[in-house]
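So the chains spell out like this:
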Amino acid sequence: MKKIMFYCQYLAGMGHLVRSTEIIRSLVKDFEVCLINGGQLVPGFKFPQDSQVVYLPAVWEDGNELKPVDSSLTIEEVKESRKQKILTTLEEFQPDCIITECFPFSKHKLKFELVPMLKQARSSEQEITIICSLRDLIMTQPMSEEARTRRQQKVCKLINRYYDLVFFHGDSNLLRLEDSFPSVDNLNCEVYYTGYVAPASKDNLLPHTTKDIIGLNQSEPTIVASVGGGRHGYPLLEAVIAASPILKASLPHKIHCFAGPFMTESEFQKLQQAAAERDNVIVRRFTPRLTEYMEKADLSVSLGGYNTVMNILKTKVRSLLLPSLNEHQSDEQSIRAEKLAGSGILDLLRRDDLEPSILAEKIISSLKKEVPQNSFELNGAKATSLRLKELLHSKVTV
């Protein structure tokens, strides 16, 4: 069985982790997979049983700065430890293929560990196929046109020196790589469109918790409010809870709010205190069953990360989407959301819409609309696995 080493780093939310795990869930059917996980642990999150997971000392991004999750360590100590652990894993695991999630199109702050890994892989006597796993849009930070051109030149140089293939996890009918990376013609390797990576079957999840059994079997109409990892989601959930009395009076629903594992404890407690005064609101940190809540819901109110949008497309739930208020994520989320809103698949929220009466009006209006339909390709994880089987000539195992 061929071996794949899959590097994943999530710095703000947990979208990269969720997408990577969905891909790995398809890969383990035919490959031996080792996930290199560089992000903060998510309580209750399940990795595919047949995968190996190597945990690096976790880092996250505060503003524009990398910081260790373990504050007793310096960032330089963590960097050196991470680099050595990756190189050791590469030597011991002996992969036939390495997949880096997003790099080198983004995550350049991780070059200190990724470039040494790529160099070691390319100098190995063993032939190692190197692939980039890329979502449908590249995160763009504000910069001059000259700086953007230099960044794209660096990306092309790294791709052309080390990489054999780019998996683009999107549907070309909505977005193409050149939409956010105009230098695509300067890449010397194949760019393969897999379709979107939507959530997998419920059978792969942890058993239902008591809270989920109760929440998913309630008979009342429901609204689901979610903010991904949660680091930038407090304003949206605060506004939803503030709007809940208006909704109860005019169009009653039970509102399930999921704050995310990375929301600060102080913000989470504020939400819980506010919800304690509302009998139509439930606030929780996290559920691995978010897709099931969306399937049941009459409306989803959420931030606009990749995986949340995949949940929306798969469940075809009515949706109000707020592109992230984090300046480092807003461009990516706004572009995708505006494209989908233009197709009538969801409705957009803006910062000014978070005033309770305005938000309540938006929610009531969305609840009265027809359930949206779409025909986007959502089997990106399976397509990724099939292309890798072709590329690596792996034997299919039953």
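Residues numbered from 1 in each chain as written. Predicted model: local features only at pLDDT ≥ 70, side-chain atom pairs only at ≥ 80, totals over all residues. Heavy atoms only, no water.

A. Structural detail: the sheet that holds strand E6 (residues 97-101). The parallel open sheet is built from seven strands, whose spatial order is E3-E2-E1-E6-E7-E8-E9. Each end of this open sheet is capped by a strand with a single partner; those strands are strand E3 (52-55) and strand E9 (190-193). Averaged over neighbouring strand pairs, the angle between their axes works out to 20° when direction is ignored. Pairing between E6 and strand E7 (residues 129-135): five bridges, direction parallel. Residue pairing across strands places threonine 100 opposite cysteine 132, the latter belonging to E7. Each of strand E1 (3-8), strand E2 (32-37), E3 and E6 touches helix H2 (residues 75-93); the most contacted strand, E1, lies at about 165° to it. Along the sheet, helix H3 (residues 111-123) makes contact with E1, E6 and E7, crossing E6 at roughly 160°. (Pairing = 2+ DSSP bridges. Helix = DSSP H or I, 4+ residues; strand = E, 2+ residues; numbered from the N terminus. Axes fitted to C-alpha atoms, helices over the stretch in contact; angles between N-to-C directions. Contact = heavy atoms within 4.5 Å.)

B. Main features of the packing of aromatic side chains. Taken as a whole and judged by the stated rule, the model has eight aromatic pairs. Note on phenylalanine 47 and tyrosine 55: the rings are 6.3 Å apart at their centroids and 70° apart in plane angle, and the pair reads as edge-to-face. Tyrosine 55 sits in the partly exposed class, given a relative accessible area of 37%. Centroid distance tyrosine 196 to tyrosine 306: 5.7 Å. Interplanar angle 55°. Geometry classified as tilted. (Phe/Tyr/Trp six-rings, centres within 6.5 Å; stacked < 30°, edge-to-face > 60°. Buried < 20%, exposed > 50% of the residue type's maximum accessible area, 1.4 Å probe, protein only.)

C. How the structure looks around the pairing of E1. For E1, the tally of buried residues reaches five of six residues, placing the bulk of the element in the interior. Since E1 and E2 lie parallel, the crossover through helix H1 (residues 15-27) that links them has a hand, and here it is right-handed. Sheet analysis places E1 next to E6, joined by four bridges and oriented parallel. Bridge pairing links methionine 5 to isoleucine 98 in E6. (Right-handed = clockwise from strand over helix to strand, strands pointing away.)

D. Seen up close, the side chain of serine 319. Its place among the elements puts serine 319 in strand E14 (residues 319-322). Within polar-contact distance, the side chain of serine 319 engages the backbone oxygen of valine 317 at 3.0 Å. Excluding its chain neighbours within four sequence positions, the residues that come into contact with serine 319 are Leu299, Ser300, Ile312, Leu346 and Asp347. (Polar contact = N/O pair within 3.5 Å; in protein donor to acceptor, adjacent residues only side chain to side chain.)

E. Looking closely at the packing of helix H7 (residues 234-250) against helix H8 (residues 265-276). Running from N to C, H7 and H8 cross one another at 5°; their axes reach a closest spacing of 10 Å. The pairing of H7 with H8 is recorded here as roughly parallel in orientation. Contact residues: Tyr234, Leu237, Glu238 and Ile241 in H7; Glu267, Lys270, Leu271, Ala274 and Ala275 in H8. When grouped by side-chain class, the residues that make up the contact of H7 with H8 number six nonpolar, no polar and three charged. (Parallel < 35°, antiparallel > 145°, perpendicular 65-115°, else oblique. Nonpolar A, V, L, I, M, F, W, Y, C, P; charged D, E, K, R; others polar.)

F. Representation of the nonpolar core within the structure. Grouped together as the largest cluster of nonpolar side chains are 52 residues, with contacts concentrated most on Ile4, Leu27, Ile99, Leu313, Leu340 and Leu388. The biggest single contributor to this core is helix H10 (residues 306-315), with five residues. When residues no more than four places from it in sequence are discounted, the contact partners of leucine 340 are Leu174, Val309, Leu313, Ile345, Leu346 and Phe376. Core analysis: the next-biggest nonpolar cluster, separate from the first, contains 42 residues, Leu87, Leu134, Tyr163 and Phe181 among them. (Core = buried A, V, L, I, M, F, W, Y, C linked by side-chain atoms within 4.5 Å.)

G. Representation of the sheet that holds strand E13 (residues 299-303). Taking strand neighbours across the sheet as the criterion, the six strands line up as E12-E11-E10-E13-E14-E15 in an open arrangement whose pairing is parallel. Taken across any chain shown, the strands that pair with only one partner, and hence form the sheet edges, are strand E12 (281-284) and strand E15 (347-348). Pairing between strand E10 (residues 222-226) and strand E11 (residues 254-258): five bridges, direction parallel. Each bridged residue has a counterpart across the sheet, and for alanine 225 the counterpart in E11 is cysteine 257. Across the face of the sheet, helix H12 (residues 356-367) comes into contact with E10, E13, E14 and E15 while running at roughly 135° to E13.

H. Structural context of the pattern of salt bridges. One pass over the structure, following the stated rule, counts 21 salt bridges. Across the salt bridge formed by arginine 25 and glutamate 22, the nearest N and O atoms sit 3.1 Å from each other. With arginine 25 and glutamate 22 both in helix H1 and three residues apart, this pair spans about one turn of that helix. This pair shows no difference in class: arginine 25 is buried, exactly as glutamate 22 is. Residue arginine 387 is joined to glutamate 390 by a salt bridge in which the shortest nitrogen-to-oxygen separation is 3.4 Å. Taken together, the residues arginine 387 and glutamate 390, both in helix H13 (residues 380-392) and three residues apart, mark about one turn of the helix. Three or more residues joined by partner-sharing salt bridges are found here, namely Arg19, Glu101 and Lys107. (Salt bridge = Lys/Arg side-chain N within 4 Å of Asp/Glu carboxyl O.)

I. Structural detail: the environment of asparagine 37. On the secondary structure map, asparagine 37 appears in strand E2. Under the relative-accessibility criterion, asparagine 37 is labelled buried at 1%. Separated by 14 residues in sequence, asparagine 37 and serine 51 place their C-alpha atoms 12 Å apart. Excluding anything up to four places from it in sequence, asparagine 37 contacts Cys8, Tyr10, Leu17, Phe47, Val53, Val54, Tyr55 and Leu56.

J. Region of the structure containing the environment of valine 184. Turning to its location among the elements, valine 184 is positioned in the loop between helix H5 (177-180) and E9. Overall, the relative accessible area of 16% leaves valine 184 in the buried class. For the pair valine 184 and proline 356, spaced 172 residues apart in the sequence, the C-alpha separation amounts to 44 Å.

K. Region of interest: the state of the cysteines. Enumeration according to the criterion identifies zero disulfides in this entry. Cysteine 132 carries a free sulfur, and the closest cysteine sulfur to it, the one in cysteine 102, is 6.6 Å from it. Not engaged in a disulfide, the cysteine cysteine 156 finds its nearest cysteine sulfur in cysteine 189; these two sulfurs lie 9.5 Å apart. On the accessibility criterion, cysteine 156 (6% relative accessible area) is buried. (Disulfide = S-S within 2.5 Å.)

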